[in-house]
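Chains, contacts and geometry: an overview
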Amino acid sequence: MGALEKIQLLKIPVVEDVRGNLGFIQNDVLPFEFKRVYYLFDVPSTAFRGGHSHINQDEVLIALSGSFEVILNDGYKKKTFLLNKPNIGLHLPTGIWRELGNFSSGAICLVLASDVFIEEDYIRDFDEFMDYVKNL
């Protein structure tokens, strides 16, 4: 099974109320324990973010506001997801090259990561990523 088959769309629990909805993430919502939370905002619509893969780290991406595309590549196939709902998370396991683009005005991308920032966990060159995938 290729890495793209391991990608999951996760339903984030929501408490619906006439006063507004409340989404929440706790220890039983994600398929991993998260150690880092960060978010992207004010990304120009023509800009791309990401452009890397992780060796050991899983991530879940959520469009808290607006929309953006997540272009994924496991070295064999490509797949694109449009994230535009704050109650849907995209689980990215290790070994997947990701690029984020086509950000709408006001888009906010929340990322929950399975580990703290460790530069050595990143593969930032696509050719190196392809070599890494071939050696798995």
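Anyway, here's the lowdown on the structure attached to this text.

The rules behind the values
Residues numbered from 1 in each chain as written. Predicted model: local features only at pLDDT ≥ 70, side-chain atom pairs only at ≥ 80, totals over all residues. Heavy atoms only, no water. Phe/Tyr/Trp six-rings, centres within 6.5 Å; stacked < 30°, edge-to-face > 60°. Helix = DSSP H or I, 4+ residues; strand = E, 2+ residues; numbered from the N terminus. Pairing = 2+ DSSP bridges. Axes fitted to C-alpha atoms, helices over the stretch in contact; angles between N-to-C directions.

Aromatic rings considered in pairs are described by the distance between their centres and by the relative angle of their planes. Counted under the stated rule, the structure contains six aromatic pairs. Note on Phe68 and Phe103: the rings are 5.2 Å apart at their centroids and 20° apart in plane angle, and the pair reads as stacked. In this pair, Phe68 sits in strand 7 (residues 68-73) while Phe103 sits in the loop between strand 10 (97-101) and strand 11 (108-113), placing the two residues 35 residues apart along the sequence. For the pair Phe126 and Phe129, a centre-to-centre distance of 5.8 Å together with 40° between the ring planes defines the contact as tilted.

Strand order in the open sheet made by the five strands is 1-9-6-11-4, with antiparallel pairing throughout. Lying at the two open borders of the sheet, with one neighbouring strand each, are strand 1 (8-11) and strand 4 (36-41). Each adjacent strand pair in this sheet contributes to an overall mean axis angle of 25°, direction not counted. Where strand 1 meets strand 9 (residues 88-92), four bridges bridge the pair, whose relative direction is antiparallel. Bridge assignment links Gln8 to a residue of strand 9, and that residue is His91.

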